[in-house]
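Structural overview
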Amino acid sequence: MVARFLLAVAVLAGAYRGHHRRHAALVGGLCPTGMVKNEDGTCEDFGCPEGHELVEGGYCKSTEKCPAGFIMDPYGGFCVARECPKYMAPHPSGRCSCEHLGTVTAGHGVDFWCAGVGCPPGTLKNNEGLCEDKPCPTGYYRSWTGWCELKVCPLGFERDVHGFCQEKQCGQGEVLNDHGDCVPALRSGSGRMFDGDTMPKVSTTMWCLLILATTYFSVFTTRFLLRTLNSDYLMKGAFAGAEACLSASITYVMMAPMLGILFLCTRMRAIQLAQGQTEVFGLPQPYVKTAMAFATVCFVVQVVLAILIPACTNKKRDAETGEEVPDKSGMDGLLRGLLLVFMVIMYIAVVVVCVGLALMDRHNGIGDRLWNGRPPPLSPAILCTFILTFFFFAVYAAWALCHVNRYMTEPEAPTKMEEVFTAGRMAVGVAPILCVLFVAASMRSNQLDRDGRIQPWAEIAMYVATAAVIAQTVFVIALPLSYPDSQPVEGIIDGDVEFVGIPEDAWYITAMFRYVLMGIMYAAGAVVIASIFFLTAQSGPTPNISPAVVCVICLVIYYFVVTFLLFVFQTLRRANNSEDAMGRTLLRATVAMGAAYQAVLFAPMLAILFIACRMRALQLSTREDGTVPPGAGPQCWAQEAMYLATWSVLAQIGLDVVMALLLPLKADKDITRGSAFDSDRSPAVYVVLSLLRTLAMFCMLGCAIAIIVAVFVMKPENLPPWAKEECLVPGFRIVPPIVQ
């Protein structure tokens, strides 16, 4: 024991002398081999301890292995009583080595560690410091130590298999952009960012919008045709059952425009945050795209189930009353249960899309990578759409709950609460067209490079219009509930509900209050429309308003005028509900506006289709410097299809008004049953006007189909300003509804 202690003391003393001599040798330059510097800085002969030899630089190096329990200082060359550091293992030479990890030794003095290269490709260090086959988790990289760390390389660099940041190598046909991402390479001399081979695919948002539009147009068109055929002059109600089945699905079909505008705003936000490179940054988020697909599928399934329920419902005779009632235990109950399930899934998907829209600026670090931690906030157009979407679906959800409760308790008797929310659905039905107007104003701002922001007074008008819609809907719902004796009755317009039993004085006061709210809403909408015309470019000449936005403005005006006149005539008819000439005139005017209202119901979905088509065209026609050239947009024939579809809606409105003026009306009790016109008394006029009305509608549908086709066939090389203009009708130019 004493001998081992003396040996340790001798080794430590030698280590101290070696360290002192090494320090002296490094001051003022190196001494010749075999000499070391003393305290005076002069070189003198000084022999190394026994078992050591002097090496270049004045170091004494051991010529023997260290005994057990000792390791050799890799720099001093002396054995010291110390265990190997963590992750290092003793080498046969006596030193601590990192060879078993595939790394080299680094350090100074008696402090040293494993450094240099990391573990072999596809492996990383475990808790024992050994390399094993195990990839790093998603979002992590393997550092030079072999450990998985969460860290972002500088722009234009990426991690290699060893965790080092190396300059990013793009694939064939790709180059690095200013954000350090690989984008399609520019074609020499083309001036375009994309061509037919490198352009992005049709987005999930676009697919969902096209499915929504197809379902919407199909149901409304088929119902119109069946209603026309069921007239007394033609088929005399031969297809009344089919018409009733389609009419039962209208409530669910009316959700399509609101879903579409929500998806459209989500896509616009993604393009804004990603600065057009939505595919590079994965926007909208994958879960948002999945939610869009789920919401669209659930919407279509609900429409189909709503059509099947009246057709598949079995009847049974009530034991007490003797009347036929639906059999809830049969197919009717199963279909309604499925309808409720898909409705809940759709609402959950809508919530997911809204959450994704609100949190999009945090996805994939895009706020820090592109906007230096300060991404732009939601524009007023998107924010107002967000609010109206939430309120719209809240009203529809309340109606659905009342509808389910009515079915479970008393199927044949709609409750007052259900009819109250039916009236609320009619009031909130203006929300989609308002949101389309807001988005159109935002697109005009983007056309002028204003980042989606319009004049401050126009932004205030958006908030005012949003508040007016909410206040009006709440007022319509609260008014009947304030009078327990009020009862709902079927209105003249499809889906409309009127309440009787409200005192006259209270009714007049509430009507005036609602007029005020409607006036505020329409005035705010007019302000937003005016802002589109007054908006100017921040630099350079101001281009003309795009054809898509022009058509959207026209459709919004059609919708506003028809719905306002409909409400006015309904109010006047309620005030003068007599059989005199004035009463019959007001009834005819109400029926005319009710028929025109069925025509303007196409306006919201058409406007969404126009904007979606233009959005796709602007993405594909982007120039190689990232800007959008003036005059960019869909194919010229697609723009003319927008013009013609807008004219067709106006023609349908005009023909409905003419039909109401020329054709005699049915008796009051028959007005709510399908067509309000007595075709037997004027068959020739009815056939001619109905034929023209049908042709106008099919013209509109043909234009809508042309726009959908344009979305799928458009390529950068066939879009303006890169391609020559091709008319929808060869040799004939369609005049826009508004001349700028």
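You'll find the structure just up there.
A short tour of the structure in this document, coming up.

What counts, and where the lines are drawn
- Residues numbered from 1 in each chain as written.
- Predicted model: local features only at pLDDT ≥ 70, side-chain atom pairs only at ≥ 80, totals over all residues.
- Heavy atoms only, no water.
- Helix = DSSP H or I, 4+ residues; strand = E, 2+ residues; numbered from the N terminus.
- Buried < 20%, exposed > 50% of the residue type's maximum accessible area, 1.4 Å probe, protein only.
- Contact = heavy atoms within 4.5 Å.
- Patch = residues over 30% accessible without salt bridge, like charges linked within 9 Å, V, L, I, M, F, W, Y side chains within 5 Å.
- Areas by Shrake-Rupley, 256 points an atom, 1.4 Å probe, with all protein chains shown as cover.
- Salt bridge = Lys/Arg side-chain N within 4 Å of Asp/Glu carboxyl O.
- Axes fitted to C-alpha atoms, helices over the stretch in contact; angles between N-to-C directions.
- Parallel < 35°, antiparallel > 145°, perpendicular 65-115°, else oblique.
- Left-handed = near helix turned anticlockwise from the far one by under 90°.
- Nonpolar A, V, L, I, M, F, W, Y, C, P; charged D, E, K, R; others polar.
- Phe/Tyr/Trp six-rings, centres within 6.5 Å; stacked < 30°, edge-to-face > 60°.
- Core = buried A, V, L, I, M, F, W, Y, C linked by side-chain atoms within 4.5 Å.

Moving on to the environment of Y483. Position of Y483 relative to the elements: it lies in the loop between α13 (456-481) and β21 (487-490). Judged by its relative accessible area of 25%, Y483 is partly exposed. It is 8.8 Å that separates the C-alpha atoms of Y483 and P503, two residues lying 20 residues apart in sequence. Excluding anything up to four places from it in sequence, Y483 contacts K416, I502, P503 and A506.

Turning next to a nonpolar patch on the surface. Judged by side-chain polarity, W207, I705, V709, F712 and V713 come together as a nonpolar surface patch covering roughly 450 Å² of accessible area. By residue number, the principal contributor to the nonpolar patch is helix α19 (residues 683-713), which donates 4 residues. Look at W207 and you get partly exposed, because its relative accessible area is 45%.

A separate point is the packing of helix α2 (residues 204-229) against helix α3 (residues 240-248). Where α2 meets α3, the closest approach of the two axes is 9 Å, and the angle between their N-to-C directions is 150°. In terms of axis orientation, α2 runs roughly antiparallel to α3. α2 and α3 meet at a crossing whose hand is left-handed. Between α2, through V219, T222, R223, L226 and R227, and α3, the contact on the second element is made entirely by A242, E243, L246 and S247. Counted by class, the contact of α2 with α3 contains 4 nonpolar, 2 polar and 3 charged residues.

A few words on the packing of aromatic side chains. All chains considered together, the criterion is met by 14 aromatic pairs. Between the aromatic rings of F392 and F393, the centroid separation amounts to 5.3 Å while the plane-to-plane angle is 80°, which identifies the pairing as edge-to-face. For the pair shown, F392 and F393 are each scored as buried. When the centroid spacing of 5.1 Å and the interplanar angle of 65° are considered together, the rings of Y522 and F560 count as edge-to-face. Of this pair, Y522 sits in helix α14 (residues 504-534) while F560 sits in helix α15 (residues 547-575), and the two are 38 residues apart along the sequence. The buried category is assigned to F560, whose relative accessible area is 9%. Taken together, the ring pairs in this structure connect Y216, F217, F220 and F602 into an aromatic cluster.

A few words now on the side chain of T215. Mapped onto the elements, T215 comes out in helix α2. The contacts of T215, once residues within four sequence positions are left out, are F299, V300 and V303.

On to the pattern of salt bridges. On inspection of all chains with the given rule, the structure shows 2 salt bridges. Of the charged contacts in the structure, one is a salt bridge between R227 and E243, with a shortest N-O distance of 3.0 Å. Here R227, found in helix α2, pairs with E243, found in helix α3; they are 16 residues apart in sequence, far enough to count as distant.

One recurring pattern in soluble globular proteins: nonpolar side chains tend to sit buried together. Core analysis: the biggest nonpolar cluster contains 159 residues, and F217, F263, L606 and F610 have the highest contact counts within it. Top element by residues in this core is α15. It accounts for 15 residues.

What follows deals with the packing of α3 against helix α7 (residues 286-312). Packed helices, taken two at a time, are described by the angle between their axes plus the distance between the axes. Look at α3 against α7: their axes get within 7 Å of each other, and the N-to-C directions meet at 140°. Classified by the angle their axes make, α3 and α7 are oblique. Here the hand of the crossing between α3 and α7 comes out right-handed. Of the residues in α7, those in contact with C245, L246 and A248 of α3 are A306, I307, P310 and A311. Of the residues contributing to the contact of α3 with α7, the split by class is 7 nonpolar, no polar and no charged.

Note that all results are geometric; they support no functional claim without further evidence.
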